[in-house]
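# Commentary on secondary and tertiary structure
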Amino acid sequence: EPEVTQTPSHQVTQMGQEVILRCVPISNHLYFYWYRQILGQKVEFLVSFYNNEISEKSEIFDDQFSVERPDGSNFTLKIRSTKLEDSAMYFCASSDRGRYEQYFGPGTRLTVT
Amino acid sequence: AQSVTQLGSHVSVSEGALVLLRCNYSSSVPPYLFWYVQYPNQGLQLLLKYTSAATLVKGINGFEAEFKKSETSFHLTKPSAHMSDAAEYFCAVSGEGGGFKTIFGAGTRLFVKA
């Protein structure tokens, strides 16, 4: 069964450093998403991406964040200058056209020290 | 804007007892509703989904949920709890807005006692 994959599974970085989290969505999907979950809290929407542009973003997704689909398979989330409060689990998700069900990847745990 | 309220951050049941996890939603459009399960240090696994077909939805691992529009509810049930059901459960809604984002509830942690 096709699945969403994410790398790395765990990333440790120092405050102020840039990080790139990578995702490979399901191959025939057209909608891509990033969510985050701070430890012990609920899953929060960050951004949705369709047709090579952001279709919606939350207030969390400020200028420090960016997303890109650099090729036909990868979908990345970049945090330009990480803060301690960026420590969280980041989930990538994808869905196919016209459907609302999203398939989630296993997540990348980001630890900012 | 869409929102989800899960009643009870923690629910404890005995093995073999009924599991009932409550979820209420608000939405300005016909919603798509989901229940996800998250085991410790793992990702989100879809348990079941409601997408405007049958109001009683059956999912994996013996779980089911009933969509009640009049009550704006989508409660999750399982007739007989198993120790392996202990996990965090998230109710979620989507369908509003062009980005099709999913809005999650705060989660309910289910404890199963032997």
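Look a little higher up for the structure.
Residues numbered from 1 in each chain as written. Chains lettered and ligands numbered in written order. Predicted model: local features only at pLDDT ≥ 70, side-chain atom pairs only at ≥ 80, totals over all residues. Heavy atoms only, no water.

Take the overall build of chain A next. Scanning chain A from terminus to terminus reveals zero helices and eleven strands. Whereas a compact globule of 113 residues would reach a radius of gyration of roughly 13 Å, chain A reaches 13 Å, a difference of no more than 12%. By its C-alpha atoms, chain A is 40 × 30 × 25 Å across when sized along the principal axes. Residues counted as buried form 47% of the 113 residues belonging to chain A. Residue pairs in contact within chain A that sit at least 24 positions apart in sequence constitute 54% of those at least 6 positions apart. In chain A, 11 side chains carry a positive charge and 15 a negative one; their mean positions are 1 Å apart. (Helix = DSSP H or I, 4+ residues; strand = E, 2+ residues; numbered from the N terminus. Rg over C-alpha atoms; globule rule 2.2 N^0.38 Å. Buried < 20%, exposed > 50% of the residue type's maximum accessible area, 1.4 Å probe, protein only. Contact = heavy atoms within 4.5 Å. Lys, Arg positive; Asp, Glu negative; His and termini not counted. Charge placed at Lys NZ, Arg CZ, Asp CG, Glu CD.)

This part covers the overall build of chain B. When helices and strands are tallied, chain B shows zero helices and eleven strands. Relative to the compact-globule value of 13 Å for 114 residues, chain B shows a C-alpha radius of gyration of 14 Å, a close match. When the backbone C-alpha atoms are referred to their principal axes, chain B occupies close to 45 × 30 × 20 Å. By residue count, 46% of the 114 residues in chain B fall in the buried class. When contacts within chain B are restricted to residue pairs at least 6 apart in sequence, those whose partners lie at least 24 apart make up 56%. With the model as given, the accessible surface of chain B reaches about 5,200 Å², and the carbon-plus-sulfur share is 54%. Of note, chain B has its 9 positive side-chain charges centred 2 Å away from the centre of its 7 negative side-chain charges. (Areas by Shrake-Rupley, 256 points an atom, 1.4 Å probe, with all protein chains shown as cover.)

Bringing the sheet that holds strand β1 (residues 5-7) of chain A into the picture now. All names here are of chain A. Taken in spatial order, the four strands of this open sheet run β1-β3-β8-β7, and their pairing is antiparallel. Edge positions in the sheet fall to β1 and β7 (65-68), since each of these pairs with one other strand and no more. The mean inter-strand angle of the sheet, taken between neighbouring strand axes irrespective of direction, is 20 degrees. Relative to strand β3 (residues 19-24), β1 runs antiparallel, the two being bridged by three bridges. (Pairing = 2+ DSSP bridges. Axes fitted to C-alpha atoms, helices over the stretch in contact; angles between N-to-C directions.)

Scanning all chains against the criterion turns up six salt bridges over all chains. Between E101 of chain A and K49 of chain B there is a salt bridge; the shortest N-O distance is 2.2 Å. Of this pair, E101 of chain A sits in the loop between β9 (88-95) and β10 (103-104) while K49 of chain B sits in strand β5 (residues 45-50), which puts the two residues in different chains. For K49 of chain B, a relative accessible area of 30% corresponds to the partly exposed category. (Salt bridge = Lys/Arg side-chain N within 4 Å of Asp/Glu carboxyl O.)

Our focus in this paragraph is the packing of aromatic side chains. The description of an aromatic ring pair rests on the distance of the ring centres and on the angle between the ring planes. Across all of its chains, the model carries 20 aromatic pairs over all chains by this definition. Seen in terms of ring centroids, Y35 of chain A and F104 of chain B are 5.8 Å apart; in terms of plane orientation they differ by 85 degrees. Their pairing is edge-to-face. Here the residue Y35 of chain A occupies a position in strand β4 (residues 31-37), and F104 of chain B occupies one in strand β10 (residues 102-104), the pair thus bridging two chains. Classification of Y35 of chain A as buried rests on a relative accessible area of 0%. One aromatic cluster in this structure is built from Y33, Y35, F45, F91 and F104 of chain A together with F34, Y36, F90 and F104 of chain B. (Phe/Tyr/Trp six-rings, centres within 6.5 Å; stacked < 30°, edge-to-face > 60°.)

Bringing the interface of chain B and chain A into the picture now. Taken together, the contacts link 22 residues of chain B with 20 residues of chain A. Note on chain B versus chain A: buried area summed over both sides is about 1,800 Å², and carbon and sulfur give 57% of it. In this structure, the connection of chain B to chain A is made through two salt bridges. Counting across the chain B and chain A interface gives seven residue pairs in polar contact (both at pLDDT 80 or more). Put simply, the parts of the chain that give the side of chain B that touches chain A at least two residues each are β4 (32-38), β5, β9 (87-94) and β10 of chain B. It is β4 of chain B that provides the largest number of residues to the side of chain B that touches chain A, a total of four residues. (Buried area = accessible area lost by both parts, 1.4 Å probe. Polar contact = N/O pair within 3.5 Å; in protein donor to acceptor, adjacent residues only side chain to side chain.)

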